[in-house]
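Commentary on secondary and tertiary structure
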Amino acid sequence: MPRDRNNEFEPQLIAKGQTRFDGFDERVLSLYARGLSVREIQAHLAEIYGTQVSPDLISTVTDAVLGEVRAWQCRPLDALYPVVYLDALQVKIKSDGRVQNKAIYLAVGINLQGHKQVLGLWAAQNEGAKFWLGVVTELKTRGVQDIFIACVDGLKGFPEAIEAVFPQTQVQLCLVHLVRYSLAFVSFKDRKEVAAGLKTIYQAVTEKEAEEQLEEFASQWDAQYPLIAKSWRSNWARLVPMLGYPPEIRRAVYTTNTIESLNMSLRKIIKTRASFPSDEAAFKLLYLALQNIQKKWTMPIPNWGRALNALAILFEDRMPNNLLSSFTQNF
């Protein structure tokens, strides 16, 4: 730094006290959010800018995001989410000196405007009713007062937890997960025919028709694959709620594809990581990736206007009329 007697010199290229050029942090975070490791970012900066950057400096830049992650995880939420999806992402994380597969759970809510929002991330130590009760209670503490439909993939203990906090919420089991589970028992030559038989069950118009189709399916396939009909009967109470919905809502809740497509994008980013040193490191990368993904969520989900009107009829006593009128006029 040049010195002058009156201390009037102001550098133009590098400001006083500046240790990194403008935009450096943003570039590092952008590369990190796209799945590049610290070493890969170091090599990329050396190739583009011809400068050597230490891995510690890159880690310092990315660690600065942890404060944002904590603030984001605690941010206030909307009072009402008509539909909420929950699903898990398997991530390898070091714990107690060894690498373990840990489930990172995501909750995605559809607000009254039909836009998707990631409500939070949670790492499950011991999945069960106690864990899910903490998650649902956190959502309520952050401002959620009501959820019409919760779409899950058979998460253990979740129905009981959400019914304890939101007793009026209808829990819908993801049919895609159940069909995949059912087909896991089927030989390749029978898969197409078995899948067609299952389709007649979940595409039935009424619950009675669905029960009849299940009995017909069981009479045809129980001799070869007895576990399929048994699994459908054991989960029947969580499957049939959608049969009371009109087609517009059925398309929105019969599967967790909304959140599975998000998980697919996240898996592409974390697949380059052999493992994460801690939960915080995993959350840091997932948070940055989510910020990039959510930039594309500019439009409501397809046919949301019709679905919202159907929800307003089914849940008339719980739908805020003033909000509904302001949103429906835009569809």
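First things first, this report covers the structure right here in the doc.

Parameters and conventions
Residues numbered from 1 in each chain as written. Predicted model: local features only at pLDDT ≥ 70, side-chain atom pairs only at ≥ 80, totals over all residues. Heavy atoms only, no water. Helix = DSSP H or I, 4+ residues; strand = E, 2+ residues; numbered from the N terminus. Buried < 20%, exposed > 50% of the residue type's maximum accessible area, 1.4 Å probe, protein only. Contact = heavy atoms within 4.5 Å. Areas by Shrake-Rupley, 256 points an atom, 1.4 Å probe, with all protein chains shown as cover. Pairing = 2+ DSSP bridges. Right-handed = clockwise from strand over helix to strand, strands pointing away. Salt bridge = Lys/Arg side-chain N within 4 Å of Asp/Glu carboxyl O. Patch = residues over 30% accessible without salt bridge, like charges linked within 9 Å, V, L, I, M, F, W, Y side chains within 5 Å. Lys, Arg positive; Asp, Glu negative; His and termini not counted. Charge placed at Lys NZ, Arg CZ, Asp CG, Glu CD. Core = buried A, V, L, I, M, F, W, Y, C linked by side-chain atoms within 4.5 Å. Axes fitted to C-alpha atoms, helices over the stretch in contact; angles between N-to-C directions. Parallel < 35°, antiparallel > 145°, perpendicular 65-115°, else oblique. Left-handed = near helix turned anticlockwise from the far one by under 90°. Nonpolar A, V, L, I, M, F, W, Y, C, P; charged D, E, K, R; others polar.

1. Some points on the overall build of the protein
- Helix and strand counts for the protein stand at 16 helices and five strands.
- Taken across its 331 residues, the protein has 46% of its residues classed as buried.
- Put simply, 65% of the contacts in the protein that link residues at least 6 apart link residues at least 24 apart.
- When the accessible area of the protein is evaluated, it comes to approximately 17900 Å², of which 52% is carbon and sulfur surface.

2. Examining the pairing of strand E5 (residues 170-173)
- Both strand E4 (residues 146-152) and E5 contribute to a ladder of four bridges, which runs parallel. Residue pairing across strands places Ala150 opposite Val171, the latter belonging to E5.
- One crossover worth recording links E4 to the parallel E5 by way of helix H6 (residues 158-165), and it is right-handed.

3. With respect to the pattern of salt bridges
- Counted according to the given criterion, the structure contains seven salt bridges.
- A salt bridge links Glu138 to Arg142; the nearest nitrogen and oxygen atoms lie 3.3 Å apart.
- The residue Glu163 makes a salt bridge to Arg238 at a minimum N-O spacing of 2.8 Å. You can see Glu163 sitting in helix H6 and its partner Arg238 sitting in helix H11 (residues 236-239), a full 75 residues away along the chain.
- Taking relative accessible area as the criterion, Glu163 reaches 31% and is therefore assigned partly exposed.
- The class of Arg238 is partly exposed, set by a relative accessible area of 25%.

4. Some words on a nonpolar patch on the surface
- Nonpolar side chains collect at one region of the surface, where Tyr181, Phe185 and Leu227 lie side by side and expose about 280 Å² of accessible area between them.
- Residue Leu227 is classed as partly exposed on the basis of its relative accessible area, which comes to 41%.

5. Notes on a positive patch on the surface
- Residues Arg34, Lys268, Lys271, Lys295 and Lys296 make up a contiguous surface patch of positive charge.
- Along the chain, Lys271 turns up in the loop between helix H13 (257-270) and helix H14 (279-294).

6. As for the pairing of E4
- Buried residues dominate E4, accounting for seven of its seven residues.
- Direction of pairing for strand E1 (residues 80-95) relative to E4: parallel, over a ladder of five bridges. Along E4, the bridge assignment pairs Tyr81 with Ile147.

7. Examining the nonpolar core
- Val194 and Trp232 are the most contacted members of the largest nonpolar core, which has 44 residues in total.
- Of all the elements in the fold, those that place two or more residues in this core are E1, E4, helix H7 (175-183), helix H8 (188-202), helix H9 (207-221), helix H10 (226-234), H11 and helix H15 (304-314).
- When neighbours within four sequence positions are excluded, Trp232 is seen to be in contact with Leu175, Leu178, Val179, Ser182, Leu198, Ile201, Tyr202, Leu214 and Leu239.
- The next biggest cluster of nonpolar side chains, apart from the first, holds 38 residues, and it includes Val28, Val61, Leu285 and Trp297.

8. Description of the environment of Arg233
- Mapped onto the elements of the fold, Arg233 is located in helix H10.
- Using a relative accessible area of 38% as the deciding quantity, one classes Arg233 as partly exposed.
- In the structure, Arg233 is positioned 22 residues away from Glu211 in sequence and 9.3 Å away in space, judged by C-alpha atoms.
- Dropping the residues within four chain positions of it, Arg233 is found in contact with Leu214, Glu215, Ala218 and Asp222.

9. Structural notes on the packing of H7 against H10
- It is the contact of H7 with H10, at a shortest axis distance of 9 Å, that shows an interaxial angle of 155°. Classified by the angle between their axes, H7 and H10 sit roughly antiparallel to one another. Along this stretch, H7 crosses H10, giving a crossing that reads as right-handed. Residue-level inspection shows Leu175, Leu178, Val179, Tyr181 and Ser182 of H7 in contact with H10, the latter providing Ile228, Ser231 and Trp232.
- Partitioned by chemical class, the residues of the contact of H7 with H10 number six nonpolar, two polar and no charged.

10. What about the sheet that holds E4?
- Across the sheet, which stays open at both edges, the five strands sit in the order E3-E2-E1-E4-E5 with mixed pairing between neighbours. Each edge of the sheet is formed by a strand with only one pairing partner; in this case those strands are strand E3 (116-124) and E5. Direction aside, the axes of adjacent strands within the sheet are offset by 25° on average.
- Pairing of E1 with strand E2 (residues 98-110), which is carried by 13 bridges, proceeds in the antiparallel orientation. Its bridge partner being in E2, Tyr85 is matched across the sheet by Val108.
- Helix-sheet contacts for helix H5 (residues 129-141) involve E1, E2 and E3, and the interaxial angle to E3 is about 145°.

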